[in-house]
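Residue strings, one per chain:
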Amino acid sequence: MNAPAHPHAHTWKFFRAGGFDQVRLDAAADLLHLEQLDQKLWVALSCPVKGLEFDEKTLALIDTDHDGHVRAPELIAALHWAGERLTATHRELLARGAARLPLAAIGDDAAGAPLAAAARRILAVLGKADQEDIGLEETQGHAELVAGAPLNGDGVVTAASTDDEALKALIAEVIGSVGSTPDLSGEPGVAADLLERFVADSDAWLAWQHTADADPAVRPLGDATEAAWDALEAVRAKIDDWFARVRLAAYDEAAATALNPSGDDFRLLSATVLSAQAESIAALPLAKVAAPGAAEPALPLAAALNPAWAERLAAFAAQVVAPLLGQRTALSASDWQSLQDKLAPYGAWRAQAVDTPVAALGRERLTELRDSGLRDKLAELIAADAALAPEFAAFADVDRLVRYVRDLAKLAHNFVSFRDFYTAVGNERAAEVANGNGNGNGVGIQLGKQLRAVFQAGTLFLDGRSCDLCVKVDNADKHAATATLSRLCLVYCECVRNGERMTIAAAFTSGDSDQLMVGRNGVFYDRKGRDWDAVVVKILDHPISLRQAFWQPYRKAAKAVSDAAQKFAATRAQARDNQMAATAVANTTKTLEGGAPPAPPPPPAFDAAKFAGIFAAIGLAIGAVGTAIATVITGFLGLKWWQMPLAVGGIVLLISGPAVLLAWFKLRSRTLGPILDANGWAVNARAKINIPFGTSLTQLAKLPEGAERSLSDPYAEKKQPWGFYLFMLIVAGALLFWVARSLSGG
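Residues numbered from 1 in each chain as written. Predicted model: local features only at pLDDT ≥ 70, side-chain atom pairs only at ≥ 80, totals over all residues. Heavy atoms only, no water.

**Q** Could you give an account of the overall build of the protein chain, with specific residues and numbers?
**A** Along the backbone of the protein chain there are 28 helices and 20 strands. Taking all 746 residues of the protein chain together, the buried fraction comes to 37%. Within the protein chain, contacts between residues separated by at least 24 positions form 69% of all contacts whose residues are at least 6 apart in sequence. Surface accessibility of the protein chain: about 41,700 Å² in total, with carbon and sulfur atoms responsible for 59%. (Helix = DSSP H or I, 4+ residues; strand = E, 2+ residues; numbered from the N terminus. Buried < 20%, exposed > 50% of the residue type's maximum accessible area, 1.4 Å probe, protein only. Contact = heavy atoms within 4.5 Å. Areas by Shrake-Rupley, 256 points an atom, 1.4 Å probe, with all protein chains shown as cover.)

Structure (structure tokens):
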């Protein structure tokens, strides 16, 4: 049972070319309803993105899955995407393949409005705000336009994004503190996340500073507290070590001696080059540990100190002891504890410090940035840039729409149907049929000689012919393995131009292949009119024409006779040369040995019996041949006049008929599909190349119409009437045979 009709089924029109029905895509409605056309009626279902005479950028945009092939669903999706963004009255632009897109053709709905705004912005940036249409001239550099705009929709601002010097300074400070994000222009910039980090770190660091202001105990020495803390921390471990030794000596007086350096220690030191900062000296106690007495032990701060620590203890005494305890020459254990207690709040506050590179800007600058509102202004600038993202993203969609309007119809005519192939190369009748006798979309006969299928790479001139069915191939051997099924005579050429190389396969569909051979040179003209040096590297030999097939048996016979004669002559000449060389060597050797050169051998004696036999054999052969010829001629002359042409035709048919019949079947089965399948296409139809159409694909050399021609050739070879002589000989033989039969009464 047939499937139910689509509720809004489209009415299709077809034309016949290449031996099968192909759909006509004359209007936008045809293109926008392709999903309703049974894909079994599509000529191709897939084509490669690269290697075609078609804009690769457009094909890459259509190839949404990026697998290197455009398939039917992707083409349908591209057509619908473009149709949805055009107004209903301008969708015919898709069918016409307009090179420029009127701004009025872009819809004002949710799908089209962003593109319309983006198109106007592109023109404004280029100084063409008054222009009413847009094309690839303006859109193909959309990425550079976006990158060069002060605000380009990427949510990243640079110093070039504003004229405010204060904001420029803040942008530089943020980048120097927390890093940068590349802008579309390539310059370092600030994004929202970096600004948020900068603000958060600044506020946290300022809040930490504020806790010290709220508690006076944190900074007992004011701004000098930090230096005092650093001076105390520099000697804390060593002072704790000295008081621990003192307490241990108080525990056991005998320990005092062991806790101080011994004589052996000093003797070891004396054997080295000493320095007050040497590690071996710094490891000794700060001062001598004495046995406990009546007074509380105290660490001297000015004299009798370990020289490696003298400088740091002096800084400690000046920055910590004197400001907090007053001038001291020695430090008791209680004094030491008191100093630690006074600076403990600062130590606790410092342990909670916010570690951030933002602090390098200083409290005053960070406070200024917070209170001046500059950070908020920078956030607003970043938000304004990000808000333009949809509009700038639409720049790429404008370029896509311009390309689709220009290219989708052309692709459809090389994908859904092969109109551009079967109406090209001057095939005007096919163009008339494809376009309704020239009254369809108006591109049939007018452009019939200019249109080329996207797989046609150019024209090859070779052997007095021009071949228009030329396709690019990556590997000739691999391509030939599949392309041979096309039954076309394919000549693979390596083309070179200014260091560039490419390989093409050219189909020879007219003339013959007698002079086609590997190594022959030709010239290839690509679609841009550039000429390439072409050399034949491989040939797939198939019948080219019925004329070639007709003469092929005779040419093969003539070639066999010629080859045999040349081989016989070459063999005899080689034997004679060998004999002469052997004789010359023998003569030379004899002369060098001092003797006379040997006399030439006497000619062989005439053997009458031998030559009589030879002459008899030759006579018999000539007689047999003459008899055969005479029999044929007599039989031919015995026919009635109207039977003679039939006899001649029968002989010719017997010789050439099988070759012509075989060639006819092969020529009728020639097809384009395998040539394209070998290049990655998925050809869905039997795209035949019959004899009339094939003849239009290869043009033979011919004189221009109306040209004058002189048949006088001063260098032409003089013709001998060998044919006439042979004819007269055959006639004479036939007459002699007839006379002989008459006289003998036969």
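**Q** Talk me through the pattern of salt bridges; I want residue IDs and the actual numbers.
**A** Counted by the stated rule, this structure contains 34 salt bridges. A salt bridge links R365 to E173; the shortest N-O distance between them is 2.9 Å. Of the two residues, R365 sits in helix 16 (residues 362–372) while E173 sits in helix 8 (residues 165–178), which places them 192 residues apart along the sequence. Its salt-bridge partner being R400, residue D397 comes within 4.0 Å of it at the nearest N-O pair. Of this pair, D397 and R400 both sit in helix 18 (residues 389–412), 3 residues apart, which is roughly one turn of the helix. Residue D397 is classed as partly exposed on the basis of its relative accessible area of 27%. (Salt bridge = Lys/Arg side-chain N within 4 Å of Asp/Glu carboxyl O.)

**Q** Describe the packing of helix 8 against helix 9 (residues 192–214), naming the residues involved and giving the relevant values.
**A** Between helix 8 and helix 9, whose axes approach to 10 Å, the crossing angle comes to 80°. Overall, the two elements helix 8 and helix 9 adopt an arrangement that is roughly perpendicular. Contacts between helix 8 and helix 9 involve L170, E173, V174, S177 and V178 from the former and L194, R197 and F198 from the latter. (Axes fitted to C-alpha atoms, helices over the stretch in contact; angles between N-to-C directions. Parallel < 35°, antiparallel > 145°, perpendicular 65-115°, else oblique.)

**Q** Report on the layout of surface pockets, specifying residues and quantitative values.
**A** Considered as a void within the structure, the largest pocket measures approximately 660 Å³ in volume. The set of elements that each furnish at least two residues to the lining of the largest pocket consists of strand 14 (470–473), helix 22 (476–483) and strand 16 (500–508). Split by residue class, the lining of the largest pocket holds 11 nonpolar, 6 polar and 11 charged. (1 Å grid on protein atoms, 1.4 Å probe; cavity = no way out; pocket = protein on both sides within 12 Å on 5 of 7 lines; lining within 4 Å. Points joined across faces, edges and corners; volume = space filled by probe spheres on them. Nonpolar A, V, L, I, M, F, W, Y, C, P; charged D, E, K, R; others polar.)

**Q** Give a detailed account of the sheet that holds strand 8 (residues 181–182), specifying residues and quantitative values.
**A** Strands sit in the order 7-9-8 across an open sheet of 3 strands; the sheet is antiparallel. For this open sheet the edge positions go to strand 7 (156–157) and strand 8, each flanked by a neighbour on one side alone. Strand direction decides the pairing type here: strand 8 and strand 9 (residues 188–191), joined by 2 bridges, are antiparallel. Within strand 9, the position partnered with T181 by the bridge is G189. Here helix 9 sits on the sheet in contact with strand 8 and strand 9, set at roughly 70° to strand 9. (Pairing = 2+ DSSP bridges.)

**Q** Any chance you could break down the pairing of strand 2 (residues 20–23) for me, citing the residues and the numbers?
**A** Taken together, the 4 bridges between strand 1 (residues 14–17) and strand 2 define a ladder with antiparallel strand orientation. Following the sheet pairing, F15 is matched in strand 2 by Q22. Where strand 1 hands over to strand 2, the hairpin turn is made up of 2 residues, of which G18 adopts a positive phi near 70°.

**Q** For the sheet that holds strand 4 (residues 69–71), give the residues involved together with the corresponding values.
**A** If you trace the 3 strands from one edge of the open sheet to the other, you get 4-3-19, paired in antiparallel fashion. Of all strands in the sheet, those with a lone pairing partner are strand 4 and strand 19 (682–683), marking the two edges. One ladder, built from 3 bridges, connects strand 3 (residues 44–48) with strand 4; its direction is antiparallel. Bridge pairing links C47 to V70 in strand 4. Most of the contacts of helix 3 (residues 72–84) go to strand 4, to which it runs at about 75°, and overall it touches strand 3 and strand 4.

**Q** Any details on the nonpolar core? Residues and values, ideally.
**A** The biggest cluster of nonpolar side chains holds 89 residues, and the ones touching the most others in it are L101, V416, F421, F455 and W681. The greatest single-element share of this core, amounting to 12 residues, is contributed by helix 18. For L101, the contacting residues outside a window of four places in its chain are L86, L93, I106, D133, I134, L401, V402 and V405. (Core = buried A, V, L, I, M, F, W, Y, C linked by side-chain atoms within 4.5 Å.)

**Q** Any chance you could break down unusual backbone geometry for me, citing the residues and the numbers?
**A** Notably, H66 is not glycine yet its phi reads approximately 55°, a positive angle. Along the chain, H66 turns up in the loop between helix 2 (56–62) and strand 4. Residue H66 is classed as exposed on the basis of its relative accessible area of 66%. Residues other than glycine seldom take positive phi values, yet N498 does so here, at roughly 50°. Here N498 lies in the loop between strand 15 (489–497) and strand 16.

**Q** Describe helix 18, naming the residues involved and giving the relevant values.
**A** Relative to the 34 Å expected for 24 residues at 1.5 Å per residue, helix 18 spans 33 Å between its end C-alpha atoms, a close match to the ideal helical length. The sharpest bend along helix 18 reaches about 40° and sits at V405. (Expected span 1.5 Å × (residues − 1). Bend = angle between axes of the 7 residues up to and from the residue.)

**Q** Provide a residue-level description of the confidence of the model for the protein chain, including the pertinent values.
**A** The predicted model of the protein chain averages 82 in pLDDT, with 77% of residues at 70 or higher. Predicted confidence for residues 1–5 stays below pLDDT 50, and this span has 0 contacts to residues more than four positions away or in other chains. Counting interchain partners and residues more than four positions distant, the pLDDT-below-50 stretch residues 425–449 has 46 contacts. (pLDDT = per-residue confidence, 0-100.)

**Q** Run through the environment of R120, naming residues and quoting values.
**A** Of note, R120 is situated in helix 5 (residues 113–125). Separated by 275 residues in sequence, R120 and F395 have C-alpha atoms that sit 9.9 Å apart.

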